[in-house]
Amino acid sequence: MGSTMRIHHLNCGTDCPVGGALFDGRSAGPLATLVCHCLLIETDAHGLVLVDTGYGLRDVAHPHQRPGPRITPPWRLLLNIRLREQDTAIRQIEALGHRASDVRHIITTHLDFDHAGGLEDFPHATVHVMQREYDDATGPKIGLVARNRWRERQLDEVRDWRRYGARGEPWFGFDAVRDLDGLPPEILMVPLPGHTWGHAGVAIRGDDGRWLLHAGDAYFYRGEMRAAKRCCTPGLRAYQRLMEVDARSRLNNQERLRALSIVRRKDLTITCTHDPVELERCIAGSPL
């Protein structure tokens, strides 16, 4: 191994949509609990690396400030977002004894408002993103979902972008982006279009040789992986359909990930962004 790494699993935002178990598969009351699962990677030579940021300090302080709110009221109402300063990545990183300037790199699965809200909390970081995602997030937006999901107020102060197309040797049969600028070779991006065209997972090879794939929003529910037949709650199934740009691409990539999660279970852990059970198990050190 070329680099020693320690991975922390953080919840950088909580959504509580009405529907309870119809969304999260376990809540007894009327409200579900969904998370924003981010990774903090401590490296020996490359500083701290974040995978996604969840909601940020400015989202908490001024979510609907105009013009151009950071989070639009309809989406905040739809998801019943709980914005708390202590949940932000920057506050959790500080609680671990680090400073914002220690975060040298942020790798984004995509730039939806619930994944990119904290980018501006780390002004010294290089932000890594797929070129197509950057273009769609910063260019003209057509349609209700596009106008609500990508919020330019969350992105306009980022100064150090690194943008990529698929390149390098495939990873378990998937296209891969290897040799990310300034990062160790054990960290790579895996394009997984469908949720957005520029959506990507982030794969990290640990010191034990096992891989962890943060699959972002390639799937939303734990039952969509690790079993031959897909299982998903009605609420999350509907939300995935609402947010997808291409159903065929999304479901095809999801099917390929599901097969990989079974065939390579000894070599690979797969987790997504919004499932609270997956996050809890990762924090406990016994991922699904």
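Data block above holds the structure.
Because the structure is predicted, anything quoted here is derived from the model rather than measured.

Enquirer: Requested: an account of the packing of aromatic side chains, with residues and values cited.
Expert: Following the criterion strictly, the structure yields 5 aromatic pairs and no others. When the ring of Tyr 134 is compared with that of Trp 161, the centres are 5.1 Å apart and the planes differ by 65 degrees; the resulting orientation is edge-to-face. Taken together, the residues Tyr 134 in helix α6 (residues 131–138) and Trp 161 in strand β7 (residues 161–164) connect sequence positions 27 residues apart. Look at Trp 161 and you get buried, because its relative accessible area is 13%. Aromatic side chains Trp 171 and Phe 172 sit 4.7 Å apart centroid to centroid with 80 degrees between the ring planes, which places their arrangement in the edge-to-face category. Look at Phe 172 and you get partly exposed, because its relative accessible area is 25%. Members of the aromatic cluster, joined through ring pairs, are Trp 171, Phe 172 and Trp 211. Over the face of the ring belonging to Trp 150 we find Arg 149, whose NZ or CZ atom lies 5.3 Å from the ring centre. Cation over ring: Arg 256 sits above Phe 174, and NZ or CZ is 4.0 Å from the ring centre.

Enquirer: Summarise the pattern of salt bridges; cite the residues concerned and give the values.
Expert: Enumeration over the complete set of coordinates arrives at 19 salt bridges. For Glu 120, the salt bridge goes to Arg 70, with nearest N and O atoms at 3.1 Å. A residue pair is termed long-range when its members are at least 10 positions apart, and Glu 120 in the loop between α5 (113–116) and β6 (126–130) and Arg 70 in the loop between α2 (57–61) and α3 (73–79) qualify at 50 residues. Across the pair, exposure class does not vary: Glu 120 and Arg 70 are buried alike. Its salt-bridge partner being Asp 136, residue Arg 132 comes within 2.9 Å of it at the nearest N-O pair. Within this pair, Arg 132 and its partner Asp 136 are both found in helix α6, separated by 4 residues, close to a single helical turn.

Cut-off values and rules
Residues numbered from 1 in each chain as written. Predicted model: local features only at pLDDT ≥ 70, side-chain atom pairs only at ≥ 80, totals over all residues. Heavy atoms only, no water. Phe/Tyr/Trp six-rings, centres within 6.5 Å; stacked < 30°, edge-to-face > 60°. Helix = DSSP H or I, 4+ residues; strand = E, 2+ residues; numbered from the N terminus. Buried < 20%, exposed > 50% of the residue type's maximum accessible area, 1.4 Å probe, protein only. Lys NZ or Arg CZ within 6 Å of the ring centre and 35° of its normal. Salt bridge = Lys/Arg side-chain N within 4 Å of Asp/Glu carboxyl O.

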